[in-house]
Amino acid sequence: IERLTLEAANSMLKMLEEPNPNVIFLLTTSNQNQVLDTIKSRVNTINFYPFNEDEVLEFLSVQGITINDAIAKYIFWAQGRPGRIMRFINDKEYADFYMRMDEVLVDFLANLNLQKIWQFFDELKEDKLYIYNFLELWQAMSKRSQSLLDLLLESQVMIEGNINSKLVLENLTLKWKIAASSVKL
């Protein structure tokens, strides 16, 4: 729902204000902060939480999916979201892009090479969905240090505030390089 244009969001708001009594709307979002307050005030919120590892493995077993190296990566990347695992399996382009993000992040976290990661930012352009996915993957790979996680969360907030994404990401990598030298990864 957060990706609706302002006009579409206003149309949705009108439908929510005067709903047909026989209709139930199920609106989903991955970021409540980006949903208009006027829409949030007219709905009931139900939070869904990621599956734990056992639930993910059971889901995949029921689907008849055997765990291999690629599926293990998808499980890690999906962070408990089975729908995302299925998207990796069924959408090669999406999985390939995540593989590229993974390679770039592994290289950056190991070598703190700014040039390579900045080149990758050019590939991301201003596609906020891929930028959020990139920051989310970075968080998953960096769960060892709260101060470094705080840098990632701060960057997400700035991007949500419509600050130039490439500048935010470049600033993040510079701060990360400085902070990582004082934190044992």
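Residues numbered from 1 in each chain as written. Predicted model: local features only at pLDDT ≥ 70, side-chain atom pairs only at ≥ 80, totals over all residues. Heavy atoms only, no water.

A.B. asks: Kindly report on the pattern of salt bridges, identifying the contributing residues and their values.
C.D. replies: Scanning the model with the defined rule gives 12 salt bridges in all. The shortest N-O distance in the salt bridge between glutamate 18 and lysine 14 comes to 3.4 Å. Each member of the salt-bridge network shares a partner with another, and the members are Arg81, Arg84 and Glu136. (Salt bridge = Lys/Arg side-chain N within 4 Å of Asp/Glu carboxyl O.)

A.B. asks: Give me the lowdown on the packing of helix α4 (residues 69–78) against helix α6 (residues 92–111), citing residues and values where you can.
C.D. replies: Running from amino to carboxyl end, α4 crosses α6 at an angle of 75°, the nearest separation of the two axes being 11 Å. With respect to α6, the element α4 is oriented roughly perpendicular. When α4 is examined against α6, the residues Lys73, Tyr74 and Trp77 are found in contact with a partner set consisting of Ala95, Tyr98, Met99 and Asp102. For the contact of α4 with α6, a count of residues per class yields five nonpolar, no polar and two charged. (Axes fitted to C-alpha atoms, helices over the stretch in contact; angles between N-to-C directions. Helix = DSSP H or I, 4+ residues; strand = E, 2+ residues; numbered from the N terminus. Parallel < 35°, antiparallel > 145°, perpendicular 65-115°, else oblique. Contact = heavy atoms within 4.5 Å. Nonpolar A, V, L, I, M, F, W, Y, C, P; charged D, E, K, R; others polar.)

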